[in-house]
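Examination of the molecular architecture
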Amino acid sequence: MSGGIVAPVRKPLIEGHKTYHQITEDLCSPTERTPSRAWIIAFIVASSTLAFGVFCILWTIWMGIGSWNLNRTIGWGYDITNFVWWIGIGHAGTLISAILLLFRQRWRTGVNRAAEAMTIFAVICAALFPAIHVGRIWVVFYFFPYPNTRGALWPNFNSPLLWDVFAISTYFSVSLLFWYTGLVPDFASVRNRASGFRKKIYNALSFGWTGSAKHWQRWESLSLVLAGLSTPLVLSVHTIVSFDFATSVIPGWHTTIFPPYFVAGAIFSGFAMVQTLMVMTRKILKLEQYITLEHIESMNKVILVTGTVVGVAYLTELFIAWYSGYVYEQFAFFNRAMGVYWWSYFGMMSCNVISPQLFWVKKLRRSVFFTFFMSIFVNIGMWFERFVIIATTLARDYLPSSWSYYKPTWVEIGIFVGTLGLFFTFYLIFVRVAPVVAIAEVKHILKVGGDQYIGENAIHRHKDEHATHHDHHQHH
Amino acid sequence: MRQLNKNVIYGIYSDEELLLSAVRNAKSKHLEVMDVFTPFPVHGMDQALGLEESRLHQAGFVYGAIGTLTAFLGMTWIMTSDWPIIFGGKPYWPVPSYIPIVFELTVLFASWGMTITFYTICGLWPGVSNPQLDLRTTDDKFCLAFDKNDVSESVARAFFNETGAEEVNTKSI
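Residues numbered from 1 in each chain as written. Chains lettered and ligands numbered in written order. Predicted model: local features only at pLDDT ≥ 70, side-chain atom pairs only at ≥ 80, totals over all residues. Heavy atoms only, no water.

What the domain assignment reports for chain B is domain 1 (7–51 + 130–172) and domain 2 (56–122). Spacing between the C-alpha centres of domain 1 of chain B and domain 2 of chain B amounts to 45 Å. (Domains from an automatic or database assignment.)

This is the structure we're talking about:
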């Protein structure tokens, strides 16, 4: 019964004829082993980078925003480029965990846990930039509307920058709830294998979960509604981020195409980052039987689709700029492609539009090596996209006498590199303390996704096929 | 550790389909099942046990509606009566500008409200140690438990034997 009906075209999602116990063993054991040498080296590198980032942030706060190379027209540089880049990366986690849950895509179970963790860490990195770019971080709580002694003077509710505050904080906290609620039953699995102090910690983390039928029923109800809420939420977040630009009156920013174009780009870059992490995680933690080539290929298909959407959006922008007959709009796009920052436009076009098209080839979609390189390319390309939109546009405003060229200082580069350190430090801690693949959810799909049940190596068959497959039963 | 003051007899099954048919069997014999414990949600179990549908999502709707009203009425009060300011020639009551924040607060209130309700009604919080019958039910075993006040030990043992339980144990929790 729980086998359900699986279309014959579906490929196995769990390889190696796993039993329920083997799944627990494989997925809990990375948290129980002593860290490997590779993990320790990676952790030292990541946390040192983080430490340098913290130093650069303290430098910024101590010396002031003058330690960055922003100027009269270029008010946004690396800070907002990085903010949009990180927030976009976060979107794939919610897409995998929420949208694929609503669409009943079973392959999500192999990657959702790590992707949601990635979302949370990426949003932390993103939220850092608006907080420090205001300059006086000690009054950063002015962002929030609260009864105050200044009148009470409130923030401007017409401003997309304030909408962003609400969008990012809601997104962060809802993603955290969704991720943690999924983790609770898996922490209980870890707890029941542990002893001593470890057991105490995991007992606290698992909230005393027992796996009672009523609890599972409510857990599934909660997960489904959180998925239903997260789906429009994730689309709203990048839409609102794009409003930061689209509601301004800057040529090249003031366009109605921005919301869908930003959301597609966010999913595109987010999946690329999921691929970067998954390719490394499955190798280092030996999870190739849970994060299979099938998963990698599915994600590559998403990258191909969203990359194509992004490409169409770039071309549409160019067409509309020409078709508008508006000289400032035309100049903005001519300047992007042919101006002083032509190299970043070229990087964006080649990494985001041309290179993902190689994923039409099935062999390349299923190549782990190629996927890894492609995921790095896409991450670079999407960073360039934000740089093109921000720096190129601001370096050439309406008044030629104020035209200039923006180059980041070492402080700005240091903060960006530091957020990469933050991201990987948190991710490395996460893989040590929590099961990287959702244990309960993988067990739930074992009988419809395990390679002993479906695919060419299946030894169990569905009931209606029993008559013709007696020979297979000997293996059982 | 929370005390339930119950004497429990429980059987351990190796597969969710065995457990599901055991639960159906118990229902047909009118034996009152205390609870079942599984490592993952087993579909069809709610119906087999006769559990009512969870009303958690209805609570979620109410929380969401509170969020909607909080955002909409809050911004309306601030911008029309507490401190009205003209921003860029826009009206004092710019309803379209409210849409993003109203949406975000709806989602925020619904998610937090539902999640807190979920953990509270399930009795799950950090520091809680709920009694567990068998530690393997978070791994690969499926447990069906009877309260000895509802089902006598001899009836329960016969039932477990008939439905293919691989182990039968008793415990006071």
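Turning next to the interface of chain B and chain A. Between chain B and chain A, the residue contacts involve 64 residues of the former and 60 residues of the latter. Three residues, Pro-41, Glu-104 and Thr-138 of chain B, lead the burial of chain B against chain A; their summed loss comes to 11% of the area buried on that side. Its salt-bridge partner being Glu-17 of chain B, residue Lys-447 of chain A comes within 3.2 Å of it at the nearest N-O pair. Of all the elements in the fold, those that place two or more residues in the side of chain B that touches chain A are α1 (16–28), β2 (35–37), α2 (45–49), α3 (56–82) and α4 (95–122) of chain B. (Contact = heavy atoms within 4.5 Å. Buried area = accessible area lost by both parts, 1.4 Å probe. Salt bridge = Lys/Arg side-chain N within 4 Å of Asp/Glu carboxyl O. Helix = DSSP H or I, 4+ residues; strand = E, 2+ residues; numbered from the N terminus.)

Turning to the confidence of the model for chain A, a few remarks are in order. For residues with low pLDDT, the predicted coordinates do not support detailed interpretation. For chain A, the average pLDDT comes to 89, and 96% of its residues sit at 70 or higher. This model gives residues 463–476 of chain A a pLDDT under 50, and the stretch forms 10 contacts once residues within four places in sequence are excluded. (pLDDT = per-residue confidence, 0-100.)

The next thing to look at is the pairing of strand β3 (residues 142–147) of chain B. All names here are of chain B. The buried count for β3 comes to 6 of 6 residues, which makes it a mostly enclosed element. Covered by surrounding structure in β3 are Phe-142, Leu-144 and Phe-146 together with Cys-143, Ala-145 and Asp-147, the residues of both alternating faces. As paired elements, strand β1 (residues 7–13) and β3 share 6 bridges and run antiparallel to each other. Bridge pairing in β3 links Ile-9 to Phe-146. (Buried < 20%, exposed > 50% of the residue type's maximum accessible area, 1.4 Å probe, protein only. Pairing = 2+ DSSP bridges.)

Before going further, it helps to examine the pattern of salt bridges. All names here are of chain B. Across all of its chains, the model carries 20 salt bridges over all chains by this definition. Here Arg-136 ties to Glu-167 by a salt bridge, and the two come within 3.0 Å at their closest N and O atoms. You can see Arg-136 sitting in the loop between α4 and β3 and its partner Glu-167 sitting in strand β4 (residues 167–172), a full 31 residues away along the chain.

A few words on a nonpolar patch on the surface. Residue and element names in this part refer to chain A. On the surface, Phe-52, Phe-55, Trp-59, Trp-62, Met-63 and Trp-410 cluster together to form a nonpolar patch covering roughly 730 Å² of accessible area. It is helix α2 (residues 37–63) that contributes the most residues to the nonpolar patch, 5 residues altogether. Residue Phe-55 is classed as partly exposed on the basis of its relative accessible area, which comes to 40%. (Patch = residues over 30% accessible without salt bridge, like charges linked within 9 Å, V, L, I, M, F, W, Y side chains within 5 Å. Areas by Shrake-Rupley, 256 points an atom, 1.4 Å probe, with all protein chains shown as cover.)

All names here are of chain A. Along the chain, Gly-151 connects to Ala-152 via a cis peptide bond; the corresponding omega equals -5°. Mapping Ala-152 onto the fold places it in the loop between α4 (108–133) and α5 (160–191). Phi is positive for His-17, which is not a glycine, with a value near 45°.

Our next topic: the packing of aromatic side chains. Residue and element names in this part refer to chain A. What the rule picks out here adds up to 65 aromatic pairs over all chains. Geometrically, the ring pair formed by Trp-76 and Trp-253 is stacked, given 5.8 Å between the ring centres and 20° between the ring planes. On the criterion of sequence distance, the pair formed by Trp-76 in the loop between α2 and α3 (78–102) and Trp-253 in the loop between α7 (213–246) and α8 (258–284) is long-range, its members being 177 residues apart. Like Trp-253, Trp-76 is buried. Judged by centre distance (5.4 Å) and plane angle (15°), the rings of Phe-319 and Tyr-323 are stacked. In this pair, Phe-319 and Tyr-323 are both assigned in helix α9 (residues 293–324), 4 residues apart and thus about one turn of the helix distant. A cation over a ring is seen here: Arg-432 above Trp-39, with NZ or CZ 5.8 Å from the ring centre. (Phe/Tyr/Trp six-rings, centres within 6.5 Å; stacked < 30°, edge-to-face > 60°. Lys NZ or Arg CZ within 6 Å of the ring centre and 35° of its normal.)

The next thing to look at is the packing of α3 of chain A against α5 of chain A. Residues and elements named next belong to chain A. Between α3 and α5, the least distance of the axes is 12 Å, while the angle of their chain directions is 40°. By the criterion of interaxial angle, the relationship of α3 to α5 is oblique. In this structure, α3 meets α5 at a crossing whose hand is left-handed. Counting all contacts with α3, which are made through Phe-83, Ile-87, Gly-90, His-91, Thr-94, Ser-97 and Ala-98, the residues of α5 involved are Asp-164, Ile-168, Tyr-171, Ser-175 and Phe-178. Of the residues belonging to the contact of α3 with α5, the class tally is 6 nonpolar, 5 polar and 1 charged. (Axes fitted to C-alpha atoms, helices over the stretch in contact; angles between N-to-C directions. Parallel < 35°, antiparallel > 145°, perpendicular 65-115°, else oblique. Left-handed = near helix turned anticlockwise from the far one by under 90°. Nonpolar A, V, L, I, M, F, W, Y, C, P; charged D, E, K, R; others polar.)

A word on the nonpolar core. Residues Trp-86, Phe-245, Phe-271 and Phe-430 of chain A together with Leu-144 and Phe-146 of chain B are the most contacted members of the largest nonpolar core, which totals 185 residues. Mapped onto the domain boundaries, this core takes at least three residues apiece from domain 1 (7–51 + 130–172) and domain 2 (56–122) of chain B. For Phe-430 of chain A, the residues in contact, after removing those within four places along its chain, are Arg-113, Ala-114, Ala-117, Phe-121, Trp-179, Pro-435 and Val-436 of chain A. (Core = buried A, V, L, I, M, F, W, Y, C linked by side-chain atoms within 4.5 Å.)

All names here are of chain B. Taking strand neighbours across the sheet as the criterion, the 4 strands line up as β2-β3-β1-β4 in an open arrangement whose pairing is antiparallel. On the outer flanks of this sheet lie β2 and β4, each paired with one strand and no other. Across this sheet, the average inter-strand angle for adjacent strands is 25°, counted without regard to direction. Packing against the sheet, helix α5 (residues 153–163) makes contact with β1, β3 and β4, and its axis sits at approximately 5° to β1.

With 13 residues, helix α1 (residues 20–32) of chain A should cover 18 Å at 1.5 Å per step; its first-to-last C-alpha distance of 18 Å lies within 8% of that length. The set of residues buried in α1 of chain A consists of Tyr-20, Ile-23, Thr-24, Asp-26, Leu-27, Cys-28, Ser-29, Pro-30 and Thr-31 of chain A. (Expected span 1.5 Å × (residues − 1).)

Right, let's talk about the state of the cysteines for a bit. Throughout the structure, instances matching the rule amount to 0 disulfides over all chains. As a non-bridged cysteine, Cys-28 of chain A has Cys-143 of chain B as the owner of its nearest cysteine sulfur, 19 Å distant. Overall, Cys-28 of chain A belongs to the buried group, its relative accessible area being 0%. Unpaired in terms of disulfides, Cys-125 of chain A finds its nearest cysteine sulfur in Cys-56 of chain A, a separation of 14 Å. You can call Cys-125 of chain A buried: its relative accessible area is 0%. (Disulfide = S-S within 2.5 Å.)

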